[in-house]
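# Coordinates in review
Listed here are the chains, written in short residue letters.
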Amino acid sequence: MHHALLVPEVLLEIFAYVNTIPSTQTTPTQKLLAALARTCKIFHEPAMDLLWTEIHGLEPLLGCVTRLHPLIYHSDVRWDDSDEPWAKGVEPLSAHETHQFLRHSSRIRTLNIKSEHPHLLSVIPAEACVFPRLKSLSLSTTYLNLFLPHMLLTLEHLCIYTCDDVSTANELSLISDRIHWCTRLVTLSCPMLDWPTWKRLSSPPTLLKLKIDQGYYDLPLLSSRDMVNLSFLNITSLSFRQLYNAADIITVMQHLQFPSLKEFEFEVQFLSPEEAEQLFHALSHWKACRTLEEISIFFYGDAFMGPQYDEFLTPIPHLLCLTQLRTLKLVFRDFCLYLDNDILLQAMSSWPHIRTLEIEDSRPFSEVTLHGLFTALGLCPQLHTLRVPVNLATIDIDPDAEPIQHTSLRSLDLETSEFQIADAETFARIISAWLPCVDHVQSIYDLSWVEVNRYLRSLRAATAPYVLRAS
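Scoring rules and cut-offs
- Residues numbered from 1 in each chain as written.
- Predicted model: local features only at pLDDT ≥ 70, side-chain atom pairs only at ≥ 80, totals over all residues.
- Heavy atoms only, no water.
- Salt bridge = Lys/Arg side-chain N within 4 Å of Asp/Glu carboxyl O.
- Helix = DSSP H or I, 4+ residues; strand = E, 2+ residues; numbered from the N terminus.
- Buried < 20%, exposed > 50% of the residue type's maximum accessible area, 1.4 Å probe, protein only.
- pLDDT = per-residue confidence, 0-100.
- Contact = heavy atoms within 4.5 Å.
- Phe/Tyr/Trp six-rings, centres within 6.5 Å; stacked < 30°, edge-to-face > 60°.
- Lys NZ or Arg CZ within 6 Å of the ring centre and 35° of its normal.
- Axes fitted to C-alpha atoms, helices over the stretch in contact; angles between N-to-C directions.
- Parallel < 35°, antiparallel > 145°, perpendicular 65-115°, else oblique.
- Nonpolar A, V, L, I, M, F, W, Y, C, P; charged D, E, K, R; others polar.
- Patch = residues over 30% accessible without salt bridge, like charges linked within 9 Å, V, L, I, M, F, W, Y side chains within 5 Å.
- Areas by Shrake-Rupley, 256 points an atom, 1.4 Å probe, with all protein chains shown as cover.
- Core = buried A, V, L, I, M, F, W, Y, C linked by side-chain atoms within 4.5 Å.
- Pairing = 2+ DSSP bridges.
- Right-handed = clockwise from strand over helix to strand, strands pointing away.
- Polar contact = N/O pair within 3.5 Å; in protein donor to acceptor, adjacent residues only side chain to side chain.

This next bit is on the pattern of salt bridges. For the structure shown, the criterion picks out 11 salt bridges. The partner of R107 in a salt bridge is E45, and the shortest N-O contact between them spans 3.0 Å. Placement of R107 in the loop between α6 (95–101) and β2 (110–112) and of E45 in helix α3 (residues 41–51) is noted, with a sequence separation of 62 residues between them. R107 gets classed as buried once you look at its relative accessible area, which sits at 11%. Taking the shortest distance from any N to any O, the salt bridge between R429 and D400 comes out at 2.6 Å. Residue R429 is found in helix α14 (residues 424–434), and its partner D400 is found in the loop between β16 (385–389) and β17 (411–415); the two are separated by 29 residues along the sequence. One salt-bridge network, in which partners are shared between bridges, spans E45, D49, R107 and R133.

Dropping the structure here:
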C-alpha cells in the first residue's frame, strides 16, 4: 500500500471523489463504497462513513437486525410493495435488536424515514434513538416521538408531514414542541403552525427556507387578537402548498414581514375574490420590493366548472412595486384576471429583469391587443417565456412595417377567446419578423394556432438558408 494512503486527509479526499462518481446500472456508487469498506481496516471506517451518511427509508437500518436481514435482502417482496409489505406480521424489535438497528446511527447525517411499518419500532424507547451527527431529517408525525428534543439541537433541515388529512391536537402540539428545539434550522417543511410557533420561528437567524403544507382540514386555532407583527429577517424562500382554504393563512401573512424574501409560492384549492385581493395586498406590503424575484400563485378550484365569479381580479397593480421580479406565474382557474395594454405596459416598465411571465385564468378574456403586446415586449429584453391572454379580433400591427425584434423570447403561449385566427398567414409573418427565436405559438385551451404554426414553419424554412449563409 502506498504511504500516501496512510495520511487520513489524502484518504478522505480520495473517498470523497469516489462518492461523487455517478452510479451506473452495473456498478452503483454504494457498491463501490461497500467494496472499499471490505478491502482493509484502513479503508473500512471512512468508506462506512460515506456509505451510511445518507439513508432513505428505515430498511437499511432494519437490515442490520439479524432476524430481518433475510426478509429485506433475500425476499421476493419489494420494500415499497404496499399490497404485500415484507414487514406484515413481523414482530417488533426487541431490546437486543435495538442495538443492531442503531449500529450505524452515529454515521448518518441525512435520514429520510419513508417506511410504513411503525409497529416494528413500537417498543424502542425514544432515548435509545440517538443520531449524534444528524443534520437533515424527513419523517411523518408517526415517527416524531422517536426523536427527543435534545436530539434536534444540531438539526439544519427538517421536513415533517402528516400521513392523512386528520391530525389530532396531540400531533400538532408535538410538532410545535419539536420545532421549538430546532434552534439551528436552515430549512423547514411542516404542516400549518399555531401562532406561538410562528413567533418562535421568527427568532433563529439561520432559517432561510420555510415551506408550509396545510396537511389537514382542521387548522390550528388562530386568533387575530393574539397576533403581533413579526419580521423574518433572513428567510429567502417561502411556500404555502396543499391548502384547502386560505382565510387563516392570509390572516397570518398580514402580520408577517419578509425583508429578504426572494421566492414565494402559494397553492390553494378554494379562494374567494376578497381573499385573493388580501393575498396580493399582503404581498405588496412585505417590504420585499427590492428582493422578491419569483412568485408562483396557483388556485386550482374546479377546472371543469369554468369561472365561478363574475368580477375580475386585478393582481398586477399590487405587484408593480416588485422591481426585481424575474418570474411571475399566476394560475387562477375559478377567476378571470383583468389585463389590458396599459397594465401590461406598466408591468413591463416596472419589471425590467422579468424572464418568465405566465398568466392563466378560466376564461381567456383580454383587452391586450397585438400592438400592446409587442410594445410591452420592447421593455423586457430578458423575457424568455410568455403566456398571456390576448385579443386578436383585429390585427393592429402592419406586417410590412420595420419590425423591432425581440431575440430573447423562446416560448410563446397566447390564449384567445377567438375560435379561429382571422388571418393566420399575416399573423405568422408578424411572429416570424418580430420574434425570430419563437418556433411556434402554443395554447392550452384550443387548436386555433395550428394554421398559424403551419405558416410559421414554412417561413422559418424559407429563411433558414439565408440565416446559415449570413452566419
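What follows continues from the structure just given.
To continue, consider the confidence of the model for the protein chain. For the protein chain, the average pLDDT comes to 84, and 86% of its residues sit at 70 or higher. Put simply, helix α15 (residues 450–470) is where the protein chain has its lowest mean pLDDT, 75, and helix α12 (residues 341–350) is where it has its highest, 96. Considering only residues more than four positions removed or in separate chains, one finds that residues 467–471, a stretch of pLDDT under 50, has 0 contacts.

The next thing to look at is the packing of aromatic side chains. Taken as a whole, this structure holds 15 aromatic pairs when the rule is applied. Geometrically, the ring pair formed by F240 and F264 is edge-to-face, given 6.4 Å between the ring centres and 65° between the ring planes. One end of the pair, F240, is in strand β8 (residues 237–245); the other, F264, is in strand β10 (residues 263–270), and 24 residues separate them in sequence. Each member of the pair, F240 as well as F264, carries the same accessibility label: buried. Through a chain of ring-to-ring contacts, three or more aromatic side chains come together here, namely W198, F232, F240, F258, F264, F266 and W286. When the ring centre of Y455 is taken as reference, the NZ or CZ atom of R454 above it lies at 5.1 Å.

Okay, the packing of helix α1 (residues 8–20) against helix α2 (residues 29–37) next. In the contact formed by α1 and α2, the axes pass within 8 Å of each other and the chain directions differ by 150°. Taken together, the axes of α1 and α2 lie roughly antiparallel to each other. Between α1 and α2, the contacting residues are F15, V18 and N19 on the first element and T29, L32, L33 and L36 on the second. When its residues are assigned to classes, the contact of α1 with α2 shows 5 nonpolar, 2 polar and no charged.

Judged by side-chain polarity, V7, V10 and I14 come together as a nonpolar surface patch covering roughly 190 Å² of accessible area. By the secondary structure assignment, I14 is in helix α1. A residue is classified by how much of its surface remains accessible, and I14, at 37% relative accessible area, is partly exposed.

Okay, the nonpolar core next. Of all hydrophobic cores here, the largest spans 138 residues; its most connected members are W198, F264, F266, F332 and L357. It is α14 that provides the largest number of residues to this core, a total of 6 residues. In contact with F266, other than residues within four places in its own chain, are F240, L243, A246, I249, I250, M253, L279, S296, I297 and F298.

With that settled, the discussion passes to unusual backbone geometry. Of note in this structure, Q242 is not a glycine but carries a positive phi near 55°. Inspection of the secondary structure assignment puts Q242 in strand β8. In this model, K287 sits at a positive phi of 60°, which is unusual for a non-glycine residue. Topologically, K287 is positioned in the loop between α10 (273–284) and β11 (294–299). Overall, the relative accessible area of 64% leaves K287 in the exposed class.

The next subject is the pairing of strand β6 (residues 209–213). The sheet contact formed by strand β5 (residues 187–191) and β6 spans 5 bridges and is parallel. When the sheet's bridge partners are listed, C190 is paired in β6 with I212. Taken together, β5, helix α8 (residues 195–201) and β6 form a β-α-β motif whose crossover is right-handed. Taken together, the 5 bridges between β6 and β8 define a ladder with parallel strand orientation.

As a further point, take the environment of H157. Within the element layout of this structure, H157 appears in strand β4 (residues 157–161). The spatial distance from the C-alpha of H157 to the C-alpha of S189 is 8.5 Å, given a sequence separation of 32 residues. Ignoring any residue separated from it by four or fewer positions in sequence, one finds H157 in contact with K135, S136, L137, L185, V186 and T187. Here the side chain of H157 touches T187 through a polar contact of 2.8 Å, side chain to side chain.

As a further point, take the pairing of β4. Only one face of β4 is buried, namely the one carrying L158 and I160, since none of H157, C159 and Y161 on the opposite face is buried. One ladder, built from 5 bridges, connects strand β3 (residues 136–140) with β4; its direction is parallel. Looking at β4, one finds that S136 is bridged to H157. By the bridge criterion, 3 bridges tie β4 to β5 in an arrangement that is parallel. Each residue of the ladder has a partner; that of C159, found in β5, is S189.

The next point concerns helix α13 (residues 370–377). Burial runs high along α13: 6 of the 8 residues are buried. Every buried residue of α13 is listed here: L370, G372, L373, F374, A376 and L377. Where α13 is buried, its residues touch α12, β16, β17 and α14.

Moving on: the environment of W449. Note that W449 resides in the loop between β18 (441–442) and α15. For W449, a relative accessible area of 2% translates into the label buried. Distance from W449 to D413, taken between C-alpha atoms, is 9.9 Å for residues 36 residues apart in sequence. If we skip the residues at most four places from it in the chain, W449 touches L392, L414, T416, I421, F427, V441, Q442 and S443. Among the polar contacts listed, one links the side chain of W449 to the backbone oxygen of L414, at a separation of 3.0 Å.

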